[in-house]
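Chains, contacts and geometry: an overview
Here is how the chains run, residue by residue.
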Amino acid sequence: MNIVMLAPKLIPYIEAIRAKHFPKAKPFEITGIRFDDNAMDDKFDDLLIFSNQATAIISYATTVPGKFWVQNPMGGNDGAAFIVPGPYEDSHVLGIHLKSKPDIAHEAWVQCGKIKYARDVDKDGMIDAWEPEKNEYGNGLNIHRANKYGITPNVNKWSAGCQVSQIAAAHEAAIEMHKGSMNVKTPISYLLTEAKDWFEFLGTEEVKKFILGLVE
Ligand SMILES: [Ca+2]
Ligand SMILES: [Ca+2]
């Protein structure tokens, strides 16, 4: 299936929002937008934007874990990990997601820097104010795809805290974009935003509608 959403007109907005957090732009960047903090619906209702200076690839995605891992935290942890919105400089590098599981393993962006996250200790699928944030390294909060082909309907087990693209073709196209834009051994910087962060740049509160409206 070939459903890759390209939005070159999004580039000035991405540059503006990223310039608030990063001193220098990189030739390839990943920006997430969390629209819905609630993990219990198992929906790919967030967006991941992969961009170089010329164009952006948009994929429907999740930036929160799926219900299964909320209720059954991975590795005996007290709650599923939710990345805290914010800028993460040199946070990911191109590599293999879940190298140890050949049936799932695939090329993706693996965590190589510090990423702040919170654990959903009461397992309600949301991060509450009392659930403390951590600042940790090497926790495998990767940026990868769901099913190898097509469009995966629900999050299910695909995210225990990773940022996951719903559209396989968009993930593949983004990897090609990365390889064509810069040395893939150099880490890239992930920025996780929320819809409200975009209001001042877009001039509308209908952030998702506006961004998808830029797709060519
Ligand atoms: Ca959701
Ligand atoms: Ca909670």
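What comes next concerns the included structure. For every chain, the first residue of the written sequence is number 1, and numbering continues from 1 along that sequence. To read the labels, note that chains go from A and ligands from 1, taken in the order they are written. At least 70 in pLDDT is required for a residue's local features to be given in this predicted model, at least 80 for side-chain atom pairs to be given and counted, and no such filter applies to totals for whole chains, interfaces and linings, which use all residues.

Here we look at the overall build of the chain
The condition is simple: Only DSSP runs of H or I covering at least 4 residues are called helices, and only runs of E covering at least 2 are called strands; the numbering of each starts at the N terminus. Radius of gyration here is computed from C-alpha atoms only, and the compact-globule reference equals 2.2 Å multiplied by the residue count raised to the power 0.38. To sort residues by exposure, count the other C-beta atoms lying within 10 Å of each residue's C-beta; 20 or more gives buried, 12 or fewer gives exposed, and values between give partly exposed, all with C-beta atoms placed from the backbone.
When its secondary structure is counted, the chain shows 5 helices and 12 strands. Taken against the 2.2 N^0.38 rule, which gives 17 Å for 216 residues, the C-alpha radius of gyration of the chain at 16 Å falls within 12% of a compact globule. Seen through its C-alpha atoms, the chain measures out along the principal axes to roughly 45 × 40 × 30 Å. Looking at the chain as a whole, 39% of its 216 residues qualify as buried.

A look at the nonpolar core
For clarity, the threshold we go by: We define the nonpolar core as any set of buried residues of the types Ala, Val, Leu, Ile, Met, Phe, Trp, Tyr and Cys, connected via C-beta atoms lying within 7 Å of each other. We call two residues in contact when the distance between their C-beta atoms, placed using the backbone, is within 7 Å.
Counting 54 residues, the largest nonpolar core has Leu-47, Ile-49, Phe-50, Ala-56, Ile-57 and Ile-58 as its most contacted members. Looking at this core, the element that brings in the most residues is strand β4 (residues 56-62), giving 5 residues. Apart from the residues within four sequence positions on either side, Ile-49 is in contact with Leu-10, Ile-14, Thr-31, Ala-56 and Ile-58.

Some thoughts on the sheet that holds strand β5 (residues 80-83)
The test is simple: Here, a strand pair is defined by DSSP locating no fewer than two bridges between the strands. Here an angle of 0 to 180 degrees is reported between the N-to-C directions of two axes, which are lines fitted to C-alpha atoms, with helices fitted over the stretch in contact.
Read from one edge of the open sheet, 3 strands run β5-β8-β9, paired in antiparallel fashion. Edge strands, defined here as strands with exactly one partner in the open sheet, are β5 and β9 (133-137). The mean angle between the axes of side-by-side strands here comes to 45°, regardless of whether they run parallel or antiparallel. Pairing of strand β8 (residues 114-120) with β9 involves 5 bridges; the strand directions are antiparallel. In the sheet register, Ile-115 faces β9, and the bridge partner there is Glu-136.

Let's talk about the environment of Lys-179
The topology assignment puts Lys-179 in helix α3 (residues 168-181). Lys-179 sits in the partly exposed class, given 13 other C-beta atoms within 10 Å.

Some points on the pairing of strand β3 (residues 46-51)
Burial analysis of β3 places 6 of its 6 residues in the buried class, the great majority of the element. When strand β2 (residues 29-34) meets β3, the two strands line up antiparallel, connected through 5 bridges. Within β3, the residue paired with Gly-32 across the bridge is Leu-48. Relative to β4, β3 runs antiparallel, the two being bridged by 6 bridges. Residue Ser-51 lies in a different strand from β4, and its bridge partner there is Ala-56. Counting the residues in the hairpin turn of β3 and β4 gives 4 residues.

Looking at the environment of Thr-186
Note that Thr-186 resides in the loop between α3 and β12 (188-194). For the pair Thr-186 and His-92, spaced 94 residues apart in the sequence, the C-alpha separation amounts to 8.9 Å.

What about the pairing of strand β6 (residues 86-97)?
Here β6 pairs with β12 via 4 bridges, running antiparallel. Paired with Tyr-88 across the two strands is Tyr-190, which belongs to β12. In terms of strand pairing, β6 meets strand β7 (residues 106-111) through 6 bridges, oriented antiparallel. Across the sheet, residue Gly-95 finds its bridge partner in β7, namely Ala-108.

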